[in-house]
Amino acid sequence: MAGKEKDKLFLAAMKKKFKEAPTEVNTNYYTFGGWKQSKRKREWVEQANKIAKQRGIPMMNQDIGVPLGQRVLMPYQLSHTDIYVEADDLHFVNNAAMQQAWDDIRRTVVSGLDTAHAVIEKRLGKEVTPETINHYLETVNHAMPGGAVVQEHMAECSPALTADCYVKVFSGDDELIDEIDKPYVININKEFPADQAKQLKEAIGKGLWQAIRCPTIVGRVCDGGTMSRWSAMQISMSFISSYKLAAGEAAIADFAFAAKHASVLEMGTMMPARRARGPNEPGGIPFGFLADMVQSQRKYPDDPVRASLETVALGAVIFDQIYLGSYMSGGVGFTQYATAAYTDNILEDYCYWAADLVKTKYGGLCKSKPTMELIEKLGTEINSYALEMYEKYPAAMEAHFGGSQRATVAAAATGIGVAMATANANAGVNAWYLSMLQHRERMGRLGFYGYDLQDMCGASNSLSYRSDEGLPHELRGPNYPNYAMNVGHLSGYAGIACAPHAARGDAFACNPLIKVAFADKNLPFDFANITKEFGRGGLREFMPAGERTVIIPAK
Amino acid sequence: MAKKPPQEQIPLPEVLIFPARLLKAETTEKLLNRIYDDVPHVRHITVSGESLPATLNAGPGKGLPAEHPERRIIKVKGQEVELRLLVGRVFVEIDDIDNVDDSLARIESICNELLPFGFSLEVGRYSKFKPTVTDYKKCR
Amino acid sequence: MAYKRQFYPGTSLPAKNRRKFYDPNYKLEKLRDVAMDDVVRILGHRKPGEDYKSIHPPLDECNEPDCPVRQMVVPIEGAKKGDRIRYVQFTDSVYWAPAIPYIRANMYMSRLRGIDTGTLSGRQIIEMRERDLEKVSKEYIDNETFDPARTGIRGATVHGHACRLDENGLMFDAWQRYRWNAKKGEVEYVKDQVAIPLDKPISVGKPMEDKWLKAHTTMFRADGVDMRDDAEVMAQNLRIHRLRTLCGYQSFAQKE
């Protein structure tokens with residue numbers, strides 16, 4: 001039997017896993033008892049029956065015992081985890097972790113304090129000290145979740161609804177940060193490995209920045225465009241209160257202008273009217289920003305492939321499943337389509353193989369110049385490996401439901417591999433298109449009609465930086481003209497934006513402020529373990545924010 | 001099925017049989033019964049494969065019976081089961097990691113006999129071992 | 001002009017087979033003869049003998065404007081008669097079906113007039129005026145681009161191209177439009193291309209043997225001829241990528 005040795009090793013690993021680290025779950029559950037064994041499930045069944053009665057239509061079918069388990073689709077394993085879930089569990093409507101990942105991005109605003117401080121000192125002649133900053137932070141952390149600070153009779157939000165809302169600060173100035181009260185600080189020195197902290201502090205400089213988390217519930221009721229307005233309003237009010245200013249004076253306009261425009265960083269850029277979205281919506285997030293939201297490189301600095309794959313996973317959910325799958329198409333989400341990029345360790349296998357190849361045959365990561373010759377040679381090797389896997393192993397061929405998934409997975413591996421070899425994301429995305437052309441020629445098949453268009457012409461703009469024709473890949477995003485309708489592609493593109501920087505050991509791919517803003521342990525979603533969080537969402541273990549229990553009738 | 005399961009709270013190993021062809025109902029029936037009869041430590045078997053819908057679910061003939069000859073009732077361990085798949089993978093759950101080597105050898109011998117077109121075997125865990133949102137949704 | 005059309009680069013077996021498919025001067029080998037009425041039945045658009053439905057009057061009754069393009073382009077028969085546009089769709093297994101989707105597209109473009117064709121990973125559709133479509137369908141069921149076991153005629157629910165074959169060697173079809181007749185050793189269609197049952201089975205002949213399929217393949221595969229083993233095919237493909245990369249949409253301007 002082929003691979004017997006490997007199986008033996010695997011057996012040993014299994015044995016260790018099962019005997020020494022038993023999990024809490026009861027496997028009997030699956031094989032023998034059905035829903036009757038579980039109190040919680042019985043409750044669900046009762047609820048479902050009740051709802052069905054009220055609606056007049058049946059809602060669920062109860063499990064009927066069969067002596068043989070039959071499944072069209074086997075569970076999906078979240079890549080680089082031990083978590084198995086079903087396709088439905090990975091639909092963003094069913095998955096609280098996916099919802100929170102998007103909530104945490106949308107409700108984040110980064111806003112500088114230096115402009116406001118300059119106004120206070122130079123225009124109003126008041127002193128700004130660590131003590132006044134601490135006082136301001138105390139005030140803004142009261143105002144941001146909906147507490148009144150200036151007007152006496154202002155209606156306030158229930159704190160239980162906005163408990164996830166807060167403001168923290170960070171800076172490259174260690175002395176200043178030492179003076180700020182710890183709960184209000186994202187400490188770069190503590191959160192990042194020393195070399196990454198050094199890079200980030202140099203890039204950020206002495207400026208003081210706020211990471212503002214607006215309430216999840218506000219993002220849901222309003223939209224991403226609301227976020228910088230919500231934060232700017234509360235920031236302005238907090239300045240008025242904490243520096244004892246007169247609410248009508250002209251300096252207030254400067255605070256508002258700084259917080260809304262001059263010193264603000266939105267997570268997503270504004271989109272054109274035809275796409276009808278404000279800032280801080282998923283279509284406006286550049287790939288480099290998304291790569292910086294991912295925190296794998298901070299927690300696992302020696303594994304650049306993991307960082308790229310985690311970015312792919314986040315891109316698949318934010319860009320493919322939520323943005324293109326629902327925002328733009330109006331559909332119920334491209335769940336099964338997008339999951340190929342972050343389940344069952346297929347892209348994992350190709351990317352780690354590519355990294356090993358680069359290390360053994362191309363002098364190591366980031367050692368190659370991004371020449372046409374290099375892209376052709378290395379790109380061909382990685383792409384051929386990926387396609388061979390489908391040709392040699394029917395299991396791999398059947399793991400995807402169609403050619404589009406094969407095309408995306410092979411191209412993502414090729415792009416990530418070349419980006420890591422060359423430390424150049426545009427070379428990586430060029431290799432993506434090399435993969436597409438070769439795939440089409442070799443197999444005589446590719447994906448759906450979109451692959452006939454975008455992927456056949458994509459090489460033509462892959463290295464262009466002129467504003468009407470191209471951009472550095474890190475600054476491209478779902479809104480980039482050639483990518484605006486690239487279903488199934490955006491996850492891979494995001495991974496390619498991350499790959500060269502992770503391979504170089506860069507602390508960030510595109511924007512150091514975003515990297516630091518998401519190095520925040522108070523976020524409900526853990527951006528260092530993306531696939532694991534999605535898995536926890538599927539297992540019903542993830543606790544999101546945005547709770548409404550306190551204002552609705554008790555059950 | 002009738003066997004009392006061991007009480008350890010752990011995900012158990014599965015032997016995956018991956019035939020080189022999609023199996024006819026007749027072959028599936030033989031294979032399952034031979035495994036249940038000849039491999040002592042099997043707790044449960046799950047199969048997956050290509051769906052054989054009872055009726056056409058799209059197109060101008062929507063609603064007509066599909067009448068795929070391989071969608072039919074088979075007998076597994078004496079119980080009748082309607083097979084709804086053309087089976088491509090068989091997952092045999094073994095009751096203890098220590099019994100995997102022996103089970104694997106027995107399964108290989110059965111497969112050599114019943115799957116002349118080829119197969120591969122793997123050991124791992126391929127099925128869920130924790131309930132997910134879908135289980136609650138479907139009241140499993 | 002001195003330029004002689006070359007159709008496809010390469011010296012490998014798949015390259016040669018692709019060249020044959022694309023070259024309209026090469027006569028594709030006829031391997032079977034499925035009766036025209038049976039082809040019409042499998043297509044399922046009309047009953048044999050039934051009149052063609054039309055979507056406009058015959059062109060010669062249409063008082064066509066005096067247009068040089070209309071004069072240059074000779075309409076195909078169905079267009080002349082005003083036939084509606086109908087389709088045939090072939091599904092090709094990854095396991096050594098003789099034709100594959102993009103090869104079909106290029107082949108049709110090279111050999112046929114009056115078609116609209118669309119290509120996906122597993123299937124390939126031809127849309128055409130009905131009476132012309134029937135002729136083309138028969139031709140491509142009868143000839144060497146078709147294998148009864150590994151090529152499917154499927155108008156809807158085409159899933160199966162990437163699946164392992166059934167035990168009897170047929171490409172998977174959840175709707176079982178065709179079945180294996182073990183006595184005759186032939187594949188029979190029992191349903192039309194959208195799975196409406198036929199009155200009687202229609203044989204499309206014996207599956208080709210593995211040896212024949214491998215000799216007639218148009219696929220580059222790891223377990224057959226790898227594309228990297230055909231230097232000219234690789235060079236041509238890389239050239240396309242290089243020209244698109246370096247020249248944007250003006251590859252003609254590149255001095256090589």
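**Student:** Lay out the overall build of chain C with the relevant residues and their values.
**Tutor:** Helix and strand content of chain C: eight helices and seven strands. The principal-axis extents of the C-alpha atoms in chain C amount to approximately 60 × 60 × 30 Å. Relative to its 256 residues, chain C shows a buried fraction of 56%. Counting contacts in chain C only where the partners sit at least 6 residues apart, residues at least 24 apart contribute 64% of the total. Accessible area of chain C: about 12,000 Å², with a carbon and sulfur share of 52%.

**Student:** I'd like a rundown of the pairing of strand β7 (residues 197-205) of chain C, residues and numbers included.
**Tutor:** Residues and elements named next belong to chain C. In the sheet, strand β6 (residues 186-191) pairs with β7 via four bridges, with the strands oriented antiparallel. Residue pairing in the sheet places Tyr189 in a bridge with Ile202 of β7. In this antiparallel pair of consecutive strands, β6 and β7, the connection spans five residues, and Ala195 shows a positive phi of 75 degrees.

**Student:** A description of helix α1 (residues 13-22) of chain C should follow, citing residues and the corresponding values.
**Tutor:** Within the span of α1(C), buried status applies to C:Pro14, C:Ala15, C:Asn17, C:Arg18, C:Phe21 and C:Tyr22. Looking down the long axis of α1(C), one finds its buried residues gathered within 165 degrees of arc, a one-sided arrangement. In this fold, the buried residues of α1(C) make contact with α21 (425-443) of chain A together with α5 (101-111), α7 (210-215) and α8 (231-247) of chain C.

**Student:** How would you sum up the packing of aromatic side chains? Please name residues and give values.
**Tutor:** Applying the stated criterion to the full structure yields 25 aromatic pairs over all chains. Centroid distance A:Tyr350 to A:Tyr385: 6.0 Å. Interplanar angle 90 degrees. Geometry classified as edge-to-face. With A:Tyr350 in helix α17 (residues 346-361) and A:Tyr385 in helix α18 (residues 372-392), this pair connects stretches of sequence that are 35 residues apart. Overall, A:Tyr350 belongs to the buried group, its relative accessible area being 2%. Grouping aromatic residues by their ring pairs yields a cluster made of A:Phe287, A:Phe319, A:Trp432, A:Tyr480, A:Tyr483 and A:Tyr493. We note C:Arg46 situated over the ring of C:Tyr52; from NZ or CZ to the ring centre the distance is 4.1 Å.

**Student:** Explain the packing of helix α6 (residues 130-143) of chain A against helix α11 (residues 224-242) of chain A to me, using residue names and the numbers behind them.
**Tutor:** Pairs of packed helices are described in terms of their axes, by the angle between the two and the distance that separates them. All names here are of chain A. Orientation of α6 relative to α11, taken along the N-to-C sense of each, is 135 degrees, at an axis distance of 9 Å. The angle between α6 and α11 falls in the class oblique. The way α6 lies across α11 gives a crossing that is right-handed. Facing His135, Tyr136, Thr139, Val140 and Ala143 of α6, the residues of α11 in contact are Gln234, Ile235, Ser238, Phe239, Ser241 and Ser242. A breakdown of the residues in the contact of α6 with α11 according to their chemical character gives five nonpolar, six polar and no charged.

**Student:** An account of the sheet that holds strand β7 (residues 264-266) of chain A is requested, with residue identities and associated values reported.
**Tutor:** All names here are of chain A. The sheet built from four strands is open, its strands ordered β5-β6-β4-β7 with antiparallel pairing. In this open sheet, the two edge strands, each paired with only one partner strand, are β5 (166-171) and β7. Direction aside, the axes of adjacent strands within the sheet are offset by 25 degrees on average. Two strands pair when backbone bridges link them, and strand β4 (residues 108-112) and β7 are joined in this way by three bridges, in the antiparallel orientation.

**Student:** With reference to specific residues and values, describe the interface of chain A and chain C.
**Tutor:** Accessible area lost when the parts come together is the quantity often used to give the size of an interface. Of the residues lining the interface, 39 residues belong to chain A; the matching set on chain C comes to 40 residues. Counting every contact that joins chain A to chain C gives six salt bridges. Salt-bridge contacts for A:Glu373 lead to C:Arg242; the nearest nitrogen and oxygen are separated by 3.3 Å. Where chain A packs against chain C, one counts 25 residue pairs in polar contact (both at pLDDT 80 or more). Of all the secondary structure elements, the ones that give two or more residues to the side of chain A that touches chain C are α18, α19 (394-399), α20 (403-422), α21 and α22 (449-457) of chain A. A per-element tally of the side of chain A that touches chain C places α18(A) first, with 10 residues. Partitioning the side of chain A that touches chain C into residue classes produces 15 nonpolar, 11 polar and 13 charged.

**Student:** Outline the packing of helix α2 (residues 36-43) of chain C against helix α6 (residues 130-142) of chain C, listing residues and values.
**Tutor:** Residue and element names in this part refer to chain C. Contact pair α2 / α6: the axes reach a minimum separation of 10 Å and the direction vectors enclose 105 degrees. Here α2 is positioned roughly perpendicular relative to α6, judged by the angle of their axes. Of the residues in α6, those touching α2 at Met36, Val39, Val40 and Leu43 are Leu133, Glu134, Lys135, Ser137, Lys138 and Ile141. Considered class by class, the residues forming the contact of α2 with α6 number six nonpolar, one polar and three charged.

**Student:** Tell me about unusual backbone geometry, and please be specific about residues and values.
**Tutor:** All names here are of chain A. Although it is not a glycine, Asn280 sits at a positive phi angle of roughly 60 degrees. You can see Asn280 is positioned in the loop between β7 and α13 (287-293). On the basis of relative accessibility, which here comes to 1%, the residue Asn280 falls in the buried class. Its identity is not glycine, yet Asp344 carries a phi of approximately 65 degrees, on the positive side.

**Student:** Can you tell me about the side chain of A:Thr335, naming the residues and giving the values?
**Tutor:** Mapped onto the fold, A:Thr335 is located in helix α16 (residues 335-339). When neighbours within four sequence positions are excluded, A:Thr335 is seen to be in contact with A:Ala87, A:Leu90, A:His91 and A:Gln321.

**Student:** Residues and numbers for the pattern of salt bridges, please.
**Tutor:** Using the criterion set out here, one finds 55 salt bridges over all chains in the structure. Here B:Asp135 and B:Lys128 are joined by a salt bridge, their closest N and O atoms 2.7 Å apart. For B:Lys128, a relative accessible area of 4% gives the class buried. The residue C:Asp142 makes a salt bridge to C:Lys30 at a minimum N-O spacing of 3.7 Å. Here C:Lys30 lies in the loop between α1 and α2 and C:Asp142 lies in helix α6, a separation of 112 residues in the sequence.

**Student:** How would you sum up the domain arrangement of chain C? Please name residues and give values.
**Tutor:** Residue and element names in this part refer to chain C. The domain architecture assigned to chain C consists of domain 1 (13-225) and domain 2 (226-256). Taking only C-alpha atoms into account, the centre of domain 1 sits 31 Å from that of domain 2. Taken together, the contact pairs six residues of domain 1 with four residues of domain 2. Surface buried jointly by domain 1 and domain 2 totals about 380 Å² across both partners, of which 67% is contributed by carbon and sulfur atoms. If you sort the residues of domain 1 by the area they bury against domain 2, Ala15, Phe220 and Val225 come out on top, with a joint share of 80%. Put simply, domain 1 and domain 2 have zero salt bridges between them. Across the domain 1-domain 2 interface, the total number found is zero residue pairs in polar contact (both at pLDDT 80 or more). Tallied by class, residues from the side of domain 1 that touches domain 2 come to four nonpolar, one polar and one charged.

What counts and what doesn't
- Residues numbered from 1 in each chain as written.
- Chains lettered and ligands numbered in written order.
- Predicted model: local features only at pLDDT ≥ 70, side-chain atom pairs only at ≥ 80, totals over all residues.
- Heavy atoms only, no water.
- Helix = DSSP H or I, 4+ residues; strand = E, 2+ residues; numbered from the N terminus.
- Buried < 20%, exposed > 50% of the residue type's maximum accessible area, 1.4 Å probe, protein only.
- Contact = heavy atoms within 4.5 Å.
- Areas by Shrake-Rupley, 256 points an atom, 1.4 Å probe, with all protein chains shown as cover.
- Pairing = 2+ DSSP bridges.
- Arc of directions from axis to C-beta.
- Phe/Tyr/Trp six-rings, centres within 6.5 Å; stacked < 30°, edge-to-face > 60°.
- Lys NZ or Arg CZ within 6 Å of the ring centre and 35° of its normal.
- Axes fitted to C-alpha atoms, helices over the stretch in contact; angles between N-to-C directions.
- Parallel < 35°, antiparallel > 145°, perpendicular 65-115°, else oblique.
- Left-handed = near helix turned anticlockwise from the far one by under 90°.
- Nonpolar A, V, L, I, M, F, W, Y, C, P; charged D, E, K, R; others polar.
- Salt bridge = Lys/Arg side-chain N within 4 Å of Asp/Glu carboxyl O.
- Polar contact = N/O pair within 3.5 Å; in protein donor to acceptor, adjacent residues only side chain to side chain.
- Domains from an automatic or database assignment.
- Buried area = accessible area lost by both parts, 1.4 Å probe.

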